[in-house]
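Descriptive structure summary
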Amino acid sequence: MKGLEGNKIFASVLLAFICVLGVSHLVDMFYKPDELYFGSDETSEVSSSSAMVSMATSVDIYDLFKKADIDNGVKVARKCQTCHDFSVERKQKIGPGLRGIVGAKKARDSDYNYSKDFYSLTGTWTYRELFMYLHSPKGVVAKTKMSFVGIKKYQDIVDLIVYLNTLSDTPVAEEYFDVEPIKL
Ligand code: HEC
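Residues numbered from 1 in each chain as written. Predicted model: local features only at pLDDT ≥ 70, side-chain atom pairs only at ≥ 80, totals over all residues.

If you check an unreviewed UniProt entry, the protein chain appears there as Cytochrome c homolog from Candidatus Xenolissoclinum pacificiensis L6. The record in UniProt for the protein chain states the following under Subcellular location (unreviewed entry): "Cell membrane". Under the UniProt heading Function (unreviewed entry), the entry covering the protein chain gives this text: "May be involved in electron transfer from bc1 complex to aa3." (UniProt positions renumbered as here; feature names shortened; annotations may be inferred.)

Check the secondary structure of the protein chain and you find eight helices and zero strands. Mapped from its N terminus to its C terminus, the protein chain presents α and β elements in the order α-α-α-α-α-α-α-α. Every one of the 184 residues in the protein chain was classed for burial, and the buried ones make up 22%. Once local pairs closer than 6 in sequence are excluded, the contacts in the protein chain between residues at least 24 apart make up 55%. (Helix = DSSP H or I, 4+ residues; strand = E, 2+ residues; numbered from the N terminus. Buried ≥ 20, exposed ≤ 12 C-beta atoms within 10 Å, placed from the backbone. Contact = placed C-beta atoms within 7 Å.)

One finds Leu-130, Leu-134, Ile-157, Leu-160, Ile-161 and Leu-164 to be the most contacted residues of the largest nonpolar core, which totals 21 residues. The set of elements that each furnish at least two residues to this core consists of α3 (61–66), α6 (127–135) and α8 (154–166). The leading source of residues in this core is α8, at eight residues. Setting aside anything within four residues of it in sequence, one finds Ile-161 in contact with Val-102, Tyr-127, Leu-130 and Phe-131. (Core = buried A, V, L, I, M, F, W, Y, C linked by C-beta atoms within 7 Å.)

It is worth spelling out unusual backbone geometry at this point. Of note in the backbone geometry, Arg-90 takes a positive phi value of approximately 50° without being a glycine. Of note, the phi angle at Ala-107 is positive, near 50°, even though the residue is not glycine. Residue position: Ala-107 is located in the loop between α4 (70–76) and α5 (116–119).

Here the focus is the environment of Leu-121. Relative to the elements of secondary structure, Leu-121 occurs in the loop between α5 and α6. C-alpha of Leu-121 to C-alpha of Lys-106: the two residues are 15 residues apart in sequence and 6.6 Å apart in space. Excluding anything up to four places from it in sequence, Leu-121 contacts Lys-106, Ala-107 and Val-141.

What follows is about α8. Taking 1.5 Å per residue, 13 residues should reach 18 Å; α8 reaches 19 Å between its end C-alpha atoms and fits that length. With respect to burial, α8 is a largely interior element, twelve of its 13 residues being buried. Of all the positions in α8, only Tyr-154, Gln-155, Asp-156, Ile-157, Val-158, Asp-159, Leu-160, Ile-161, Val-162, Tyr-163, Leu-164 and Asn-165 are classed as buried. At its buried positions, α8 is contacted by α3, α4 and α6. (Expected span 1.5 Å × (residues − 1).)

Looking now at the packing of α6 against α8. Relative orientation of the contacting elements α6 and α8 amounts to 130°, with a least axis distance of 10 Å. Judged by the inter-axis angle, α6 sits oblique to α8. Between α6 and α8 lies a crossing of right-handed hand. Of α8, the residues touching α6 (which contributes Tyr-127, Leu-130, Phe-131, Leu-134 and His-135) are Ile-157, Leu-160 and Ile-161. Grouping the amino acids of the contact of α6 with α8 by side-chain chemistry returns seven nonpolar, one polar and no charged. (Axes fitted to C-alpha atoms, helices over the stretch in contact; angles between N-to-C directions. Parallel < 35°, antiparallel > 145°, perpendicular 65-115°, else oblique. Left-handed = near helix turned anticlockwise from the far one by under 90°. Nonpolar A, V, L, I, M, F, W, Y, C, P; charged D, E, K, R; others polar.)

If you want it as structure tokens, here you go:
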């Protein structure tokens, strides 16, 4: 009898184990980076098998904006300045000048030679669209000539955008950004 009990326990442990394996396989099957929900910093670089956890603890983009740190944005922006000028003159370097870019029309500079794909973009650089582009430039504009891998940490991107928004005579109002969670 005891042996049977032991077997039962063993079997249920095995079953639980199989279930866990099954779930992580399912996650692997259905998980696509494109559909990753906005996660907090702590969960942004997790492996695909724990994507479920990351989705469950995902935070709204609005939270990231509420705790934005401009000083950190200034630091993150150093990465951009190899290619982009931030001054009022908006000099064209490897990339176009970025002063006043938040809320500006995409591919706005007539004296900059954008990639072909860039000319087909429509609309303005909203917080949301900037976020997505800076997270994965090639994910948004496949053939962009901005050879930059993108920024992984969500809070860094938001800090950067909030800083970029200060480089403007007419900064975009807080209400301007979309509070819907971003699906990447
Ligand atoms: C290696 C050079 C390089 C780096 C680094 C770089 N960019 Fe760019 N960026 C470009 C180029 C080139 C373009 C033009 C893209 C095109 O035409 O496809 C561009 C375009 C852009 C645009 C679109 C501008 C417009 O007029 O519509 C934005 C916004 C932008 N970059 C932001 C950034 C930010 C913010 C960073 C820093 C995190 C950054 N870039 C880092 C080269 C770079």
